[in-house]
Amino acid sequence: MQERSKAIWIALWSITLLFTALYLWFTLFPGAVKPEAIQLFGLEEVRQGRAYSKGIRLSYILNFILQIILLTVLLLTRLGDRLALACERWAKGRRWLIYLAFYFLIWVLLAFASLPFTFFSGFYWQKLWGFSTQSLGSWWVDYGKQGLLDLALGAIGVSLLFQAFRLWPRIWWLICAVLFSLWLILQSLLWPVIVAPMFNKFEPIVDTQLTTMIDELAEKAGLPIDKMLVMDASTKTTKANAYFTGVGETKRIVLYDNLIRQYSLAEIKAVIAHEMAHWQKGHILRGLLLGSLGSFLVWGGAHLLLRREILRSRIKPLVWVTLLLYITLINFVSLPLQNAVSRQMEIEADQTAVILTEDPESAVKLQMGLALKNRSDLSPPAFIEWFSYTHPSVLNRIEKILEVSKQ
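First, a word on what this report is: a plain description of the structure on this page. (Residues numbered from 1 in each chain as written. Predicted model: local features only at pLDDT ≥ 70, side-chain atom pairs only at ≥ 80, totals over all residues. Heavy atoms only, no water.)

Helix and strand counts for the protein chain come out as 16 helices and 4 strands. For the protein chain, whose C-alpha radius of gyration is 23 Å, the value lies close to the compact-globule estimate of 22 Å for 407 residues. Projected onto its principal axes, the C-alpha positions of the protein chain cover 65 × 45 × 45 Å. Expressed as a percentage of the 407 residues in the protein chain, the buried residues total 44%. By sequence separation, contacts in the protein chain at least 24 residues apart represent 79% of the contacts at least 6 residues apart. With an accessible surface of roughly 20,700 Å², the protein chain has 65% of that area assigned to carbon and sulfur atoms. Averaged over its 40 positive side-chain charges, the protein chain has a centre that lies 15 Å from the centre of its 30 negative ones. (Helix = DSSP H or I, 4+ residues; strand = E, 2+ residues; numbered from the N terminus. Rg over C-alpha atoms; globule rule 2.2 N^0.38 Å. Buried < 20%, exposed > 50% of the residue type's maximum accessible area, 1.4 Å probe, protein only. Contact = heavy atoms within 4.5 Å. Areas by Shrake-Rupley, 256 points an atom, 1.4 Å probe, with all protein chains shown as cover. Lys, Arg positive; Asp, Glu negative; His and termini not counted. Charge placed at Lys NZ, Arg CZ, Asp CG, Glu CD.)

This brings us to the side chain of Asn-339. Note on placement: Asn-339 falls in helix α13 (residues 335–357). In contact with Asn-339, other than residues within four places in its own chain, are Phe-387, Ser-388, Tyr-389 and Thr-390.

Counting residues in hydrophobic clusters, the biggest one holds 51 residues, and the most contacted among them are Trp-172 and Trp-320. With 10 residues, helix α12 (residues 319–333) is the largest single contributor of residues to this core. Every residue in contact with Trp-320, bar those within four places of it in the chain, is listed here: Tyr-103, Ile-106, Val-158, Leu-161 and Phe-162. Counting 47 residues, the second-largest nonpolar core is a separate cluster that includes Ala-242, Ile-268, Trp-279 and Ala-371. (Core = buried A, V, L, I, M, F, W, Y, C linked by side-chain atoms within 4.5 Å.)

Within the structure shown, the criterion is met by 10 salt bridges. Measuring nitrogen to oxygen at the nearest pair gives 3.9 Å for the salt bridge that ties Asp-377 to Arg-50. In this pair, Asp-377 is assigned in the loop between α14 (360–373) and α15 (382–388) and Arg-50 in helix α3 (residues 43–76), connecting sequence segments 327 residues apart. You'll find Asp-377 and Arg-50 in the same group, each marked buried. A salt bridge links Arg-261 to Asp-257; its shortest N-O distance comes to 3.6 Å. Of this pair, Arg-261 and Asp-257 both sit in helix α9 (residues 257–262), 4 residues apart, which is roughly one turn of the helix. In this structure Arg-261 comes out as exposed when scored by relative accessible area, which is 61%. Look at Asp-257 and you get buried, because its relative accessible area is 8%. (Salt bridge = Lys/Arg side-chain N within 4 Å of Asp/Glu carboxyl O.)

With respect to the secondary-structure elements, Thr-352 resides in helix α13. Leave out the neighbours within four places in its chain, and Thr-352 touches Ala-277, Gln-280 and Lys-281.

Attention now goes to the packing of helix α7 (residues 172–195) against helix α11 (residues 283–310). The geometry of α7 relative to α11 is characterised by a closest axis approach of 8 Å and an angle of 150° between their N-to-C directions. Relative to α11, the crossing made by α7 is right-handed. Taken together, the residues of α11 that come into contact with α7 (itself represented by Trp-172, Trp-173, Leu-174, Cys-176, Ala-177, Val-178, Phe-180, Ser-181, Leu-184, Ile-185 and Ser-188) are Leu-288, Gly-291, Ser-292, Ser-295, Phe-296, Trp-299, Gly-300, Ala-302, His-303, Leu-306 and Ile-310. (Axes fitted to C-alpha atoms, helices over the stretch in contact; angles between N-to-C directions. Left-handed = near helix turned anticlockwise from the far one by under 90°.)

Backbone geometry places Glu-358, a non-glycine residue, at a positive phi of 55°. Among the structural elements, Glu-358 can be located in the loop between α13 and α14. Residue Glu-358 is classed as exposed on the basis of its relative accessible area of 61%. A positive phi angle, near 55°, is found at Arg-375, a position not held by glycine. You can see Arg-375 is positioned in the loop between α14 and α15. According to the relative accessible area criterion, Arg-375 is partly exposed, its value standing at 24%.

Dropping the structure here:
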């Protein structure tokens, strides 16, 4: 078992180092621009998109590197043991309190380390490029809300995890996989009605032109539309977007108010048709099923790594750091697979939307407008797109849209 654990760690670290090096290289040296990007958008727009994306990418990868360095230091030096010992002294032997206190210390350490990167990419860089409409105070309020939410949910998760260790030392990973799968469903149900309203206001669309158009599209698509909402995105950003969220009774399509104000009715129709296509094709359900399958694989790997530790009569708090490092690395190395699935769903939604609207010109115009408005990288390096893009790059989206129009 020890040899198997070592093989897993070697594989994870090898792929992580390779992907990190490639991501850094192509962020710093993105290579030649595709000629079609210059022809379609212009050289200056391409340069600006690359400059904006470079800052975001550097912030992301440097934050990731720092996180895994900190977790590794906690495991390979006496620092982790000292923090655990301090928690034991403070909790006076109460095991559940020791685990929670240790979790809290690690959470604060990682949050403090990532704060400069979060602030840079989430506020400073957005202000510099003219995207953020938030005040500094408003940004800190949102940051605090998100932090407290993450902290509370994490504490519940850690409590259940160590309880599973204690009660089911041999099948704990199966219990965790089942609970995580249930959490994915619960999160999809509750996020639109509990979490999202903590950060933005949502109101029903009242524009009669829009509602009539939505009803016509819904009838054509054969979909019952319960909720079409507009979000006050303009209070925080100038970017335009839309998304489909929720399952069951909480399903809804949400449009940014920026999108409604700044884009033509035909382009908005293309957006709504795209979100309806996600619904029609069952992408949310498919994502939940794939996420559940992935969770069993991830927790199974964790079982192989932690088996000896869990079978001990006294489980060390440092097990949490080992698990956290493993999950951080496995999530990183599996990004290409996760994102390939996401990109395929987006292509399917784009093409289905064009069939619904019978208006490929507006769909292309929309993609071009959003790419310019949001300062997208108009010619990203192939590796960056393959590794980290949840949506296809704008040139690839346009190509797939035009494929449908030629059929």
